[in-house]
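# Breakdown of the fold
Residue strings, one per chain:
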Amino acid sequence: MLLLLPLVVGLVALFWGRKALAPGQVWAALVGGELADNLRAVVLRVRLPRVVAAGLVGASLATAGAIFQGTFRNPLVDGRILGISPGAASGVALSLLAGLPEGALAGPAFAGGLTAALLVSLLGGALGGGVLVLVLSGVVVNSFFTSLVGITKYLADPHEILPAITHWLLGEVGRVRWAQVVPLAMACGPALLLALAFRWRFNLLTLADPEASSLGLSPRRARFLSLALGTWLTAAAVSLSGVVGWVGLVVPHAARALVGPDHARLIPAALGLGAAALILLDALAHTLLPFELPLGVVTGLVGGPAFVGLLLRRWRREGGWR
Amino acid sequence: MSLAASGLHFAYSPGRPVLRGLSLDLHPGELAYLLGPNACGKTTLLLCLAGVLSPGQGTVELDGLPLEKLAPRARARRLAYVPQLHEPPFAYTAWQVVLMGRAPFLAGWQRPRREDTRAVRQALDQLGIAGLAHRPYTSLSGGEQRLVLLARALAQGAKFLLLDEPDAHLDPAHQLGVQKTLRDLAKSGHGLLATTHSPTHALLYPNRVFLMGAGKLIAAGPPGEVLTPRTLEQAYGTSFRLLSSPDGIQALVAVESTSPHPRRRFSVSES
């Protein structure tokens, strides 16, 4: 059910924009009916890729968040806390500092995210590969890459490079065209399908290692594979949209509140909810005020209070977190 | 058919052996208890027998086949480990916890099928806890949680169950209930090995007792022969009295040491 939600929200978001369009006009653009060329371009070349990108980024970040929270048996982690988003961000910041054009940032972002995850794995693995040391390694790696981004901002030319870095760090999908959406879909699609296919299995990763192992799983290997999958999704999303925070943390909680903790239902719910939420927030980001707000700012503004709401709800129902 | 360990050596870190040449065997239809002081290696032994840890030296054989020759999932269909504490980070229902016992029957991409739900229902029915199925595990009482973990081991289809202190943290009535359940499972053909800290329980319920001290077996055999004040003092370093009630029930209780040089053992953790 929740997997269909982004389709509905996405359709609504196509009408939603600075230029008001009638439902008939949007429909005509989608199915190739009678319509002025400039209106058709607005729908097909501006709004549609934007909606698809927001949906893919939201789905990827939320699915990755659900995977990370299960794998690390910790409801407070996401791709940002584990250092993967900051890794991707420093890849981009360094590239901009080195003078790379803004169109060529997906590669460095992806490489930065993977480097961060690799460092987390190596560091955590060297300390025994347990859950807690992996989270702590993530915190260390996060701090390192955040500082790296800070240095590049400090060194960057304040008139040209710095605004570009800042802009990218705040996250947005507004200027996305099909040329960027297609590679994103090719990167996220298979990873999302893998996450859906293996979704029940993530339950076993929430068990203590000896238990998981007595059920025939090799916990360390499974944990690294699942870390790899979450990293792939996060890095792919961040490479297109910049750093969009909170989605990976809050959406899995909201999904858990709706369908319960069983990953067989949680993963699809997080995927659908994440996509729908980001399409909606992106629509708000470019229509709420006379100028366009960065998407990462909107998710922060909405995500924080939403998280508090979820915690309060849990507090009332179950007496809070253990 | 049997689960047999011979000459097990194990160390978590070099130079600090936990198991030092330990041998024992377990047969279907038998309930065996394993006793020993804190940190003597009981849990480590269970994990070696379950194939979760690989011994540094020695072998564990299931029906004459070394455990490492078995694929992990094939091993998990025959041997189940029931932990003392299971603390899920999320509030899974009892049903979902038991369903995880079906993992050894499912390939990575598979989700539980109809036969898996049937096995879960059967396991819950066998232990009489079908009514708990949809309650969150985290909201259950200690005794109920213990039964849910037992049900998971049954859903695993395992012939041999290795249980870490199934009677810990339970009130006397629930302790009795769990022991009775273990005995019933032995009667139905399972082989069970359970650790305990209660010499009295070990005297009353099992067919066989293993008494352990510092990585080795001190004694093994029928409870009445193994559990004497003398062997217990040797294991725990404190004196014991054997008490009998007129109707023949016996109990073993620790008393303040009467020997001139009591051997004291203090340890804070058991790994």
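### Let's talk about the interface of chain B and chain A
- Taken together, the 32 residues of chain B in the interface contact 25 residues of chain A.
- Here chain B meets chain A over a buried area of about 2400 Å², counting both sides, of which 62% is carbon and sulfur.
- Counting every contact that joins chain B to chain A gives 8 residue pairs in polar contact (both at pLDDT 80 or more).
- Contributing elements (two or more residues each) for the side of chain B that touches chain A: α2 (72-76), β6 (79-82) and α3 (94-99) of chain B.
- Per element, the largest residue contribution to the side of chain B that touches chain A is 4 residues, and it comes from α2(B).
- Of the residues that constitute the side of chain B that touches chain A, the class distribution is 21 nonpolar, 7 polar and 4 charged.

### Structural notes on the environment of D37(A)
Residue and element names in this part refer to chain A.
- Relative to the helices and strands, D37 is located in helix α3 (residues 37-71).
- According to the relative accessible area criterion, D37 is exposed, its value standing at 63%.
- Spatially, the C-alpha atoms of D37 and W168 are 31 Å apart, while their sequence positions differ by 131 residues.

### Side note on the state of the cysteines
- Per the stated rule, a full pass over the model turns up 0 disulfides over all chains.
- Lacking any disulfide linkage, C40(B) is separated from the closest cysteine sulfur, that of C48(B), by 13 Å.

### Examining the confidence of the model for chain B
Residues and elements named next belong to chain B.
- A residue-level look at chain B finds 94% of positions with pLDDT of 70 or above and a mean pLDDT of 89.
- Looking across chain B, the model is least confident in strand β10 (residues 216-221), with a mean pLDDT of 90, and most confident in α3, with 96.
- Low confidence marks residues 266-271, where pLDDT is under 50. Its contacts with residues over four positions away, or in another chain, come to 12 contacts.
- Among the scores for the predicted complex, ipTM is 0.87 and pTM is 0.89.

### Things to note about the sheet that holds strand β2 (residues 17-26) of chain B
Residues and elements named next belong to chain B.
- Pairing is antiparallel across the open sheet formed by 4 strands, whose spatial order is β2-β1-β4-β5. The outermost strands of the open sheet, each flanked by one partner alone, are β2 and β5 (65-66).
- Sheet topology places strand β1 (residues 3-11) next to β2; 7 bridges connect them, and they run antiparallel. What sits directly across from A4, in β2, is D25.
- Contacting β1, β2 and β4 (57-62), helix α1 (residues 42-49) runs over the sheet at an angle of about 55° to β2.

Cut-offs applied
- Residues numbered from 1 in each chain as written.
- Chains lettered and ligands numbered in written order.
- Predicted model: local features only at pLDDT ≥ 70, side-chain atom pairs only at ≥ 80, totals over all residues.
- Heavy atoms only, no water.
- Contact = heavy atoms within 4.5 Å.
- Buried area = accessible area lost by both parts, 1.4 Å probe.
- Polar contact = N/O pair within 3.5 Å; in protein donor to acceptor, adjacent residues only side chain to side chain.
- Helix = DSSP H or I, 4+ residues; strand = E, 2+ residues; numbered from the N terminus.
- Nonpolar A, V, L, I, M, F, W, Y, C, P; charged D, E, K, R; others polar.
- Buried < 20%, exposed > 50% of the residue type's maximum accessible area, 1.4 Å probe, protein only.
- Disulfide = S-S within 2.5 Å.
- pLDDT = per-residue confidence, 0-100.
- Pairing = 2+ DSSP bridges.
- Axes fitted to C-alpha atoms, helices over the stretch in contact; angles between N-to-C directions.

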